[in-house]
Structure formats: structure tokens, C-alpha cells
Amino acid sequence: MNEQGVERDETKMRRSSLGKMLLLAVPFLLTGCRDRFLVLDPAGPVAETEYNMIVLSAVLISIVVIPVIGLLIYIVRKYRDRPGNDAPYQPEWADSKRLEIVWWGIPIVIIAVLSVFTVRDTFALTQPPSDQEPVTIQVTSLDWKWMFQYPESGVATVNYAKIPAGVPVQFVLTSDAPMNSFWVPQLGGQTYTMPGMAMRMWLQADQPGTYYGHGANFTGKEFAKMEFDVIAEKPSEFKEWTKQVKESKPKMTKEDYKQLKEPGVVEEKTFSSYPSDLFKEIVMKNGGIYRKEEHQHILND
Amino acid sequence: MSLWPTEPMVQASLVAIILVSIGIIFTLTYFKKWGWLWREWITTVDHKKIGIMYLICALLMLFRGGVDALLMRIQLAFPDLQFLDAQHYNEIFTTHGTIMILFMAMPFLFAMFNIVVPLQIGARDVAFPYLNAVSFWLFFFGALLFNISFVLGGAPDAGWVNYPPLSELTFSPGPGIDYYLLSLQISGIGSIATGINFLVTILKMRAPGMSMMRMPMFSWSVLASCIVIIFAFPALTAALALLSLDRIVGTHFFTMLHGGNPMMYMNLFWIWGHPEVYIVILPAYGVFSEVVSTFSKKRLFGYKSMVASLLLISVASYLVWVHHFFTMGSSAGVNSFFAVASMAIAIPTGVKVFNWLFTMFRGRIRLSLPMLWMLAFIPTFALGGATGVMLAVAPADYQFHNSYFLIAHFHQVLIGGVVYGMLAGLYYWWPKMFGFQLVEKLGKWAFWLFNIGFYVCFMPQYALGLMGMTRRMYEYPSGMGWNGLNQVSTVGAFIMGIGFLLIVAQILYSIRHGKRDTTGDPWNGRTLEWSLPSPVPHYNFVRIPEVKGRDAWWMMKQEKGDEATSTPSSSIQPIHMPNSSGLPFLMSLAFFVAGFGLVFHQFALAAVGGIGIGICLFLRSLEQDEGYMLSPKEIRRIESAQGRL
Ligand code: HEM
Ligand SMILES: [Cu+2]
């Protein structure tokens, strides 16, 4: 009896120190650097929608996961094969319609609820996030850099993009290299950039700021270096920036693009213009020509 | 092209391989073991020996894949570290992923299939013993081809998913990708054959009285897994074959130019790839079902539900593959369908978890090693399944995809599910395989280290994903706040590594000091394999048992007590056994030669291999192999040596 008491005390102590460790870890993980958790710190409506789904799904599944872990601990403690354990023992009891209905039923309900919201938001995310006049930016992933073209003003950048805050931005994505994925966690989740395809993705930044972006699909040797910034500015400043670029930066020639396309890592670059129809040409030559109808509407917008 | 490598790390590996090979050859020659190796192992068609060979390969591959993992974790312990360069890092994560799924998990499962299924259903061997040997040797030579790539010409470096156009000649001109394609192709043929073999074995060779609904749950899980293998692997075969054609003869199935379409590869790959994760997890479910019932001294709860959920999962696993590329821009309708279908898989999975819990409820739980791994599996897998559901929510997946959150998810289900399951199975059936038990104490240390290491390694990776870290980065900038968590994760990986080494130590120590299993039934088991002596004689059953219900052996023990194991000497009949054959080995060797030739585009060598395959097939077709009869006298000798007469 004495021995058992000692054992119990020890486990209690172990448990409480484990608890303390967990408690210490929580603030470290959550508050200490919440702004580091880019996915949990949305800066625009698209990321916000996705964030809400993340929270909702996490809450719904805890309804199953927490009881499972609780039950496990309870059962293992209660039904140990120890001499003198007087908990009930029913070796032949292996069936219960009522219990089975409960644990088929609860997950079905949870998944049904989650499904409704999932479908709603999957459809919602294909639409522009607000009704302001949108801006279009064409994105091309290269080995191992990002090129951004602004069809409305004719300027182009490499490894960073400027966008007006508070305005929906239509990113049109392609690749002139292996398939990558365009991801700016604080603005919203990713879409693949594929050779011969022009994909559309909507993002919007609510406030001016600099948002981290990175390629998310492996493309070979220096993939790790495919970082870029998305810089949101007040619409007036964005206009001003475009004007300045037009006036002061070099043009991009066909030759420049050829060089840019060579595998390698480069610094940020800015161009006042680019060869006309460059984006369309990239899409067409990599196989877009075989799927013209699909892309016509995006390319001509 | 000179094959001798120029880089120190590769040279060191090559030297190590050569030294180990010389060591093995020397030892075998010195102890005059070549004949023994050939007669007892290389030519064997005995499912138990084939199972043991699979097991040895799986453990070796776990070691190699584990070393890969530690190298990666060292590189990631600090930002901008120069331990591995980009090329090496990319090769290593590619080989790590491919090895762990195809050359570690698959053979580990096949080890369990082979060792357990015929014994559990009361059969003397599998349906096609010769084909079984072919499967093993194809796997073996496929794995060998894959493993030599690092030192001969360069390992594949396009990730285990090997997406074109990155994996096309334009972007990956070296032999690495061809190694990947050919080795997976060769071992894949073996896997399909294993799927067919065990499906037929289970459907056709059960002992009299064992109706489907009396079958042990592990055998059910193997049946479900085999159905998935048979329908899923052909998609991989097609994907690999088409990509090989692109690379070797210049077709344009998946190229960027000339009308190729890389998206087709991704669909084919995941039409196999998603079912593959269920191929590997279903047998683990089976192991846990056996273990939980044995160590709770209670019948498995909700048997019918368990069967239904296995079958539901295996069917549903074909309807979810698009969740691996929600971000490829499919329409909202397509993404919605696949999102809901993926989440739905969680339902039967949840049901299984509750049934396991209620098997323990009102039972008597013994915390032996197999049961410990089972208990650790439940919370780990519940969390991993939960994050799976989060990933299946398409809008959320746009944020998680290809981040460390995804990495954490699938390691949690693959390690917490498949590896824990296979380790539980290994501990559970070890005495049956080798006739002695593994010492508990070292095993408990290994268990705790491995588990703690697991959480320390992978929980931070969820956080890293939420912080925006993508997978497959060989280095990362220091200003992102990722440093600390990466270091913690590396520490965890090393703790797991120590856990693995302790398991190896436990096995080596137990060979000498483990308790001999003289009863054949060390755990007080419930299914037929425990009615046999350990290790099991090559013909398995002297008399095929008569099955009267589920948990057949448990019922026999209840009915006959101590008499249950003994066989009346007079009732022994001659037993028909299959002959050994060297052809499966030789044919697979020819596959290896052909594959090696194709990797280096040496078509003459490939042709030699091809002709070799043809000759072996031809010889087999002409062979008159009736097997042989084992005489009652011989059987009596073996049985009385085991104290069974
Ligand atoms: C409740 C069940 C599960 C659900 C709903 C689920 C869902 C998912 C989803 C949606 C993805 C894709 C995420 C992405 O790429 O963005 C994924 C990836 C993955 N899952 Fe699961 N999963 C489940 C269980 C499992 C199990 C049991 C295994 C294996 C034993 C597994 C292994 C994997 C692997 C290996 C990947 C990633 C492959 C890669 O991209 O390299 N999952 N899972
Ligand atoms: Cu999947």
C-alpha cells in the first residue's frame, strides 16, 4: 500500500512538471512571436477567409481528438492487468449497436458541417475579394527568380512586386521553367505556376506593408532562394511609383529576358517596359498554344 | 563518363560500400556459407523465410533513410549552414522520401504479410510460392539499383514525387531520374504480384470453417491493402513508363514543349500515390487490431464495423487524389468534391479508433512492448488524422500546401501509424519468427526515446509551416524566426535516432539473452499462428485446423486446455511441398542488368538483361515442377523435436 502511494505521488509529480513545461511552451509559441506566424496573421480578405477555415477546422476536429485522448488515458489507467484490480472485466463483450451509432454519427455530423463551409469558401475564393476596380499583375516563375509584369502600365519587376493596398489584385500565373507555386502567406494561399498555363489568383492587402513571399513547389538546385517581397502601398503612392519607374528605369529587351531566364539567382530588378506580348508568348510557346480556348479569356483581359 | 566520384562524401560512401561488401564476401567464404546461403535463402520459396528477408531489407533501409534524415536535419539546424550543398541536399531528401515509402514501408509490410498471413488463416504457404520469391527478388534488385545511384552517377534529385518538367531531360540530364524510374518500375512489378498473391491466398486458402467473417483482422487488413495495390500500382507503372519513354526515346508525354502535359503525370502519380498511403496504413490497422485484443484479453470490439471501415477506406482512397494538388487551379467544383471526399475518409478512421478504445474498455491491459506501441499510436494518429482533415479543407490547404505543416502531417501519420504499427508487429510476432523473445527493458528505453523524439522533432514543424517555411529548402534566411524551432526539431530527430539504435541493440542483445519461446504462444494469443511451435516448421501445420469461430485458437484453448497443441502421431499424413528454385533470383538479376543498362542508356547491356529475363521466363514455362512429398516419418521427427507429439 505504501509503495503504491509513493508510485502515485511520483506520477503526479511527473505529470505536473510536464504540465508546467507545456504551459511555458504555449506563450513562447503563441504570444512571444505571433507576428511570426504569417499564416495566422492575415493581412487581407483572402488570407482572412483561409484563416477562418483553419480555425473552424481546428475547433471541429478537437471535438473528436480531445475525447479520444481523454478516453485513452482513462481506459488505460482503469483497466490495467494488475492483481486486485476490481474494475469490471467482460472479455466477451464486443458489440454494441448504440455505441457504434454514436461513433459513426458524431464524425459524420462534424464532417458534414465542415464540408458546407469548405464548399462555400472554395467557391468564394475564385471571385475577386472586393468590388473595387482590380489591378492585374502577370507573374512568371523562372529558374530561380520571379518576374512580375504590369500590363496596365507596362513596367516589370524581378523578385518583388508592388501592389496598391485595399484593391483586389488579379495575379495571372505562368512559368518559363519547372512548375512552381506562388505563395504570399499573409495575403493568401498559393496557386501553381505552370508552363503553358495561365492561372488566375486573387489577393488583396488591406494595409500598406511588406509581405514575405516564397515559391512553394520545388524547382531544382536554388529553389531555396526563390524569395520575393510583395509591397503594398497606398494607391496614390503606387501610381507615383509606376510613374517613376517609367521615367527612370531601363527597358527590358528580348535579350534581357533571355538572360533573365538563364538558371541562376539574381537581385531585385526594375524595368520601365518589356517586349510587347512577352507574357502571352511565354504561355503559348510552352504548350499554351494547345489549350488556346481555355486561356483566351485570362490572357486578353 | 568516368564512374569514379569526385566528391569526398560520395567517395567515402563508395569506399564504405566496397569494404562492407568485401567483408561479407570474406565472412561467407571463410565460414563456407555460400552453399547455405544459396540453398536456404536465395532459392527459398518458403513464405516465412521470404518474410524474414523482407524484414532485414526493411530495417537496413530504415537505417539508410534515417541517416538521410539526420543529414538533412543537421543542415537545417542553423540558417545558411554550409554542411550540405544544394545538390546534395536535394538528392538526399529525394532518396529519403523514396526509400522510406517504397523501400522501407513496403517491404516491412510485405514482411508481415509473408510471415503472418498463411499462419493466421491456417495455410501451408501462399497461393503462388514461386511468384512470391519473384516478388521479393524484384523488390531486392529494385532497391539495390536505387541505392547505388548515390555513388554511381548521382542520385535522383527531383523529390520523391518526381514531377515533370523538372524530371525531364531538359532540367535533369543526369542518370539520377532514370535510376528512380527504373528501380521503382522493377520493384513495382514485384508489388503488384504480391498484391495478387495475397489476395488469392486469402480468398482461396483459408482453413475449413474460416468464413470471411471469422477471419482475423490482420488478414482482413491485408486483403483490403492488396485490393488497393492491385488497382493503384498500375497507375504508377503507367506514369513511370511514360516518363521513361520521354527520357529514353524522346517522346513528349509530359514535356513542356511539343504538346506534352505535365499535369497528366501529377494525376497519374497521385492516383497511385494517395491509395499508396492507405496501402501502407491498412496493414498497420490490422496489426493494432490483433495487438489490442490480445493484450486486453478481450475480443475485438465491433468486428463488423472494423471490416466495413477497412473496405470503405480502401474504396474511398481512390476518390481523393486531387487533394495533393488543390493548388493546381482545378475548378471550385472539382476542388469541393475532392475536399469533401477526403474529409469523409476521416469517418471510418475515427470509427476504428473508437473500436480500439472500446476493445480495451472492460478488458485487462498488459503493457508489453507491442501494446506500448499500440497505445502510443492512438494519440499520435488521432492528431495526424486531424491535421489531415485540416489539409483536406481546400481553402485552408492553399496555405498549408508544400509547407512544413504538410511535412508534419504526413510524418505523424506515417511514423505514428505505419512505423509504430510495423514495430508493434515486429515485437508481437518476433518470437514466432525466431523462437525467442526480445528483452523488455532496452525496448522500453527505445520506445520512450523514439516517442519523445518524435514529438520534439515534428511538433515544431507544424509551427514552422504556419510561419511560412516551405518544404525542400536546403537553407533558410535567419530573419524569419525559424531558427529556434528548427534546432529543436533537429534535436528531436537525433533522439529518435538513438531510439532506433537501441532497438537494434535490443535485437542483438536478445539473440543471446532473450528468453526462448518453448510454448509457441508467449502472449496468450487468440489467432491460429499461436497454435504453432516457434519457429514454425516449414510446412506450418501438421494438420490443417478446423475453425469454429473468430479467435480460433482462443476457442481451441478454451475447449481443450493443454491438449490443444498436441497432435496424435497416427493422424500424420504426407505433406505436399513446393520445390526451391534459383530462377526468381536469376530473373530479377537480369532485370537489374537491364535496368542498369537503361539508366546509362547502354542499350547493348539492356538487351543482355532483356534476353536474360526472356530465358528465365522460357525455362520456367518448360519446367515440370510437381513439388515433393514430405514423409510422415520426417514430419514426426520434426514435430517430436518441438515436443508436439
Ligand atoms: C484522415 C485521414 C487523412 C486525411 C484527410 C489526409 C489528408 C491529406 C491531404 C489533404 C494531403 C495533401 C496536402 C497537401 O499536399 O497540401 C495529405 C498529404 C499526405 N498525406 Fe494525408 N491524410 C490522411 C491520412 C493520411 C495517412 C493515414 C497517411 C499515411 C499513412 C497520409 C500520408 C500523407 C502523405 C505521405 C502526404 C504528402 C505527400 C507529399 O506531398 O509528399 N495521410 N494528406
Ligand atoms: Cu492523399
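Residues numbered from 1 in each chain as written. Chains lettered and ligands numbered in written order. Predicted model: local features only at pLDDT ≥ 70, side-chain atom pairs only at ≥ 80, totals over all residues. Heavy atoms only, no water.

Q: Hey, could you go over the site of ligand 1 for me, with residue numbers and the actual values?
A: Residue and element names in this part refer to chain B. Taken together, 24 residues sit near ligand 1, with W160, D397, H401, H409 and R471 positioned nearest. Here an oxygen atom of ligand 1 sits 2.7 Å away from a polar atom, N or O, in the side chain of H401. Among the secondary structure elements, those contributing two or more residues to the shell around ligand 1 are α8 (262-296), α10 (332-360), α11 (369-392) and α13 (404-434). (Near = heavy atom within 4 Å. Polar contact = N/O pair within 3.5 Å; in protein donor to acceptor, adjacent residues only side chain to side chain. Helix = DSSP H or I, 4+ residues; strand = E, 2+ residues; numbered from the N terminus.)

Q: Just give me the short version of the UniProt feature "domain: Cytochrome oxidase subunit I profile" (unreviewed entry) in chain B, but keep the residues and values in it.
A: Mapped onto the present numbering, the UniProt feature "domain: Cytochrome oxidase subunit I profile" (unreviewed entry) falls at residues 30-548 of chain B. Between the end C-alpha atoms of residues 30-548 of chain B the distance is 52 Å, and the span holds 68% helix and 0% strand. (UniProt positions renumbered as here; feature names shortened; annotations may be inferred.)

Q: With reference to specific residues and values, describe the sheet that holds strand β8 (residues 199-203) of chain A.
A: Residues and elements named next belong to chain A. Taken in spatial order, the six strands line up as β8-β5-β1-β2-β3-β11 in an open sheet, and their pairing is mixed. Among the strands making up the open sheet, the edge pair consists of β8 and β11 (269-271). Averaged over all neighbouring strand pairs, the angle between strand axes comes to 20°, with direction disregarded. Summarising the sheet, strand β1 (residues 135-142) and strand β5 (residues 169-175) pair through seven bridges and their orientation is parallel. Looking at the pairing, S141 lines up with S175 of β5. Lying over the sheet, helix α6 (residues 278-285) contacts β1, β2 (145-149) and β5, oriented at roughly 45° with respect to β5. (Pairing = 2+ DSSP bridges. Axes fitted to C-alpha atoms, helices over the stretch in contact; angles between N-to-C directions. Contact = heavy atoms within 4.5 Å.)

Q: Please give an account of the UniProt feature "domain: Cytochrome oxidase subunit II copper A binding" (unreviewed entry) in chain A that cites residues and values.
A: As annotated in UniProt, the feature "domain: Cytochrome oxidase subunit II copper A binding" (unreviewed entry) corresponds to residues 132-244 of chain A in the numbering used here. Across residues 132-244 of chain A, the secondary structure splits into 9% helix and 51% strand, with the terminal C-alpha atoms separated by 24 Å.

Q: Summarise the interface of chain A and chain B; cite the residues concerned and give the values.
A: Residue-level contacts link 89 residues of chain A with 95 residues of chain B. Summing both partners gives a buried area of about 7,900 Å² for chain A against chain B, and 71% of it is carried by carbon and sulfur. Interface area lost by chain A to chain B is led by A:W103, A:W104 and A:F218, which between them contribute 9%. There are two salt bridges connecting chain A and chain B. A:E92 is paired through a salt bridge with B:R299; the nearest N and O atoms lie 3.6 Å apart. At the boundary of chain A and chain B, one finds 26 residue pairs in polar contact (both at pLDDT 80 or more). Sorting the residues of the side of chain A that touches chain B by element identifies α1 (2-29), α2 (45-78), α3 (97-124), β7 (188-193) and β9 (209-215) of chain A as the ones contributing at least two each. (Buried area = accessible area lost by both parts, 1.4 Å probe. Salt bridge = Lys/Arg side-chain N within 4 Å of Asp/Glu carboxyl O.)

Q: Could you give me a rundown of empty space enclosed by the protein, with the residues and numbers involved?
A: Residues and elements named next belong to chain B. Within the structure shown, the criterion is met by three cavities of 30 Å³ or more. A volume near 180 Å³ is recorded for the largest cavity. Along the wall of the largest cavity there are 14 residues; nearest its centre are P216, M217, L300, Y303 and D551. Ranked by residues supplied to the lining of the largest cavity, first place goes to α8 with three residues. Across the lining of the largest cavity, the residue classes break down as five nonpolar, three polar and six charged. (1 Å grid on protein atoms, 1.4 Å probe; cavity = no way out; pocket = protein on both sides within 12 Å on 5 of 7 lines; lining within 4 Å. Points joined across faces, edges and corners; volume = space filled by probe spheres on them. Nonpolar A, V, L, I, M, F, W, Y, C, P; charged D, E, K, R; others polar.)

Q: Just give me the short version of the packing of α8(B) against α13(B), but keep the residues and values in it.
A: Residues and elements named next belong to chain B. Contact pair α8 / α13: the axes reach a minimum separation of 8 Å and the direction vectors enclose 50°. Here α8 lies oblique to α13, going by the angle between them. Seen from above, α8 lies across α13 with left-handed handedness. Counting all contacts with α8, which are made through V280, I281, P283, A284, V287, F288, E290, V291, T294 and F295, the residues of α13 involved are V413, L414, G417, V418, Y420, G421, M422, A424, G425, Y428 and W429. (Parallel < 35°, antiparallel > 145°, perpendicular 65-115°, else oblique. Left-handed = near helix turned anticlockwise from the far one by under 90°.)

Q: Could you give me a rundown of the packing of aromatic side chains, with the residues and numbers involved?
A: Residue and element names in this part refer to chain B. Enumeration according to the criterion identifies 83 aromatic pairs over all chains in this entry. On the basis of an interplanar angle of 75° and a centroid distance of 6.0 Å, the ring pair of W430 and F436 is categorised as edge-to-face. Summarising the burial analysis for this pair, W430 and F436 share the class buried. Cation over ring: R526 sits above W554, and NZ or CZ is 4.3 Å from the ring centre. (Phe/Tyr/Trp six-rings, centres within 6.5 Å; stacked < 30°, edge-to-face > 60°. Buried < 20%, exposed > 50% of the residue type's maximum accessible area, 1.4 Å probe, protein only. Lys NZ or Arg CZ within 6 Å of the ring centre and 35° of its normal.)

Q: For the domain arrangement of chain A, give the residues involved together with the corresponding values.
A: Residues and elements named next belong to chain A. The domains assigned to chain A are domain 1 (3-79 + 96-124) and domain 2 (135-299). Each partner contributes residues to the interface: domain 1 has 10 residues there, and domain 2 has 14 residues. It is L38, A43 and V46 in domain 1 that bury the most area against domain 2; as a group they hold 53% of the surface buried on that side. Inspection of the domain 1/domain 2 interface yields zero salt bridges. Of the residues belonging to the side of domain 1 that touches domain 2, the class tally is seven nonpolar, one polar and two charged. (Domains from an automatic or database assignment.)

Q: Account for the sheet that holds strand β4 (residues 160-164) of chain A, naming residues and giving values.
A: All names here are of chain A. The five strands lie next to each other as β4-β10-β9-β6-β7, forming an open sheet whose pairing is mixed. Single-partner strands in this sheet number two, and they are β4 and β7. The average undirected angle you get between the axes of adjacent strands in this sheet is 20°. Examined bridge by bridge, strand β6 (residues 180-184) and β9 share two bridges and lie antiparallel to one another. The residue bridging F182 from the neighbouring strand is G215, located in β9. Strands in contact with helix α4 (residues 235-248) are β4 and β10 (227-233); relative to β4, the strand with the most contacts, it is inclined by about 130°.

Q: Tell me about unusual backbone geometry, residues and numbers included.
A: Backbone torsion omega between A:D143 and A:W144 reads -5°, so that peptide bond is classified as cis. Note on placement: A:W144 falls in the loop between β1 and β2. For the peptide bond that leads from B:S534 to B:P535, omega is -15°, which places it in the cis range. With respect to the helices, strands and loops of the structure, B:P535 is situated in the loop between α15 (483-513) and α16 (552-560). Positive phi, normally seen in glycine, also occurs at B:R472, with a value near 65°. Within the element layout of this structure, B:R472 appears in the loop between α14 (440-466) and α15. With a phi angle near 65°, B:N540 is a residue other than glycine that sits in the positive phi range.

Q: Would you mind going over the coordination of the copper ion (ligand 2) in detail, with residue names and values included?
A: Residues and elements named next belong to chain B. Every protein donor of the copper ion (ligand 2) is accounted for by H274 (ND1), H323 (NE2) and H324 (NE2), and the metal-donor separations fall at 1.8 to 2.0 Å. Between consecutive donor residues of the copper ion (ligand 2), the sequence gaps follow H-x48-H-H. A gap of 4.7 Å separates the copper ion (ligand 2) and the iron atom of ligand 1. (Donors = N, O, S within 2.8 Å, 3.2 Å for Na, K, Ca; no water.)

Q: I'd love a proper account of a nonpolar patch on the surface, names of residues and values included.
A: Among the surface-exposed residues, A:V109, A:V113, A:V116 and A:F117 lie close enough to one another that they form a single nonpolar patch of about 320 Å² accessible area. Secondary-structure assignment places A:V109 in helix α3. (Patch = residues over 30% accessible without salt bridge, like charges linked within 9 Å, V, L, I, M, F, W, Y side chains within 5 Å. Areas by Shrake-Rupley, 256 points an atom, 1.4 Å probe, with all protein chains shown as cover.)

Q: I'd like a description of the nonpolar core, backed by residues and values.
A: Of all hydrophobic cores here, the largest spans 287 residues; its most connected members are A:F182, B:W356, B:L357, B:M360 and B:I378. The element contributing the most residues to this core is helix α4 (residues 86-120) of chain B, with 22 residues. When residues of this core are assigned to domains, at least three fall in each of domain 1 (3-79 + 96-124) and domain 2 (135-299) of chain A. Leave out the neighbours within four places in its chain, and B:M360 touches A:L72, A:I75, A:V76, A:Y79, B:V292, B:S296, B:I365, B:M371, B:L375 and B:I378. (Core = buried A, V, L, I, M, F, W, Y, C linked by side-chain atoms within 4.5 Å.)

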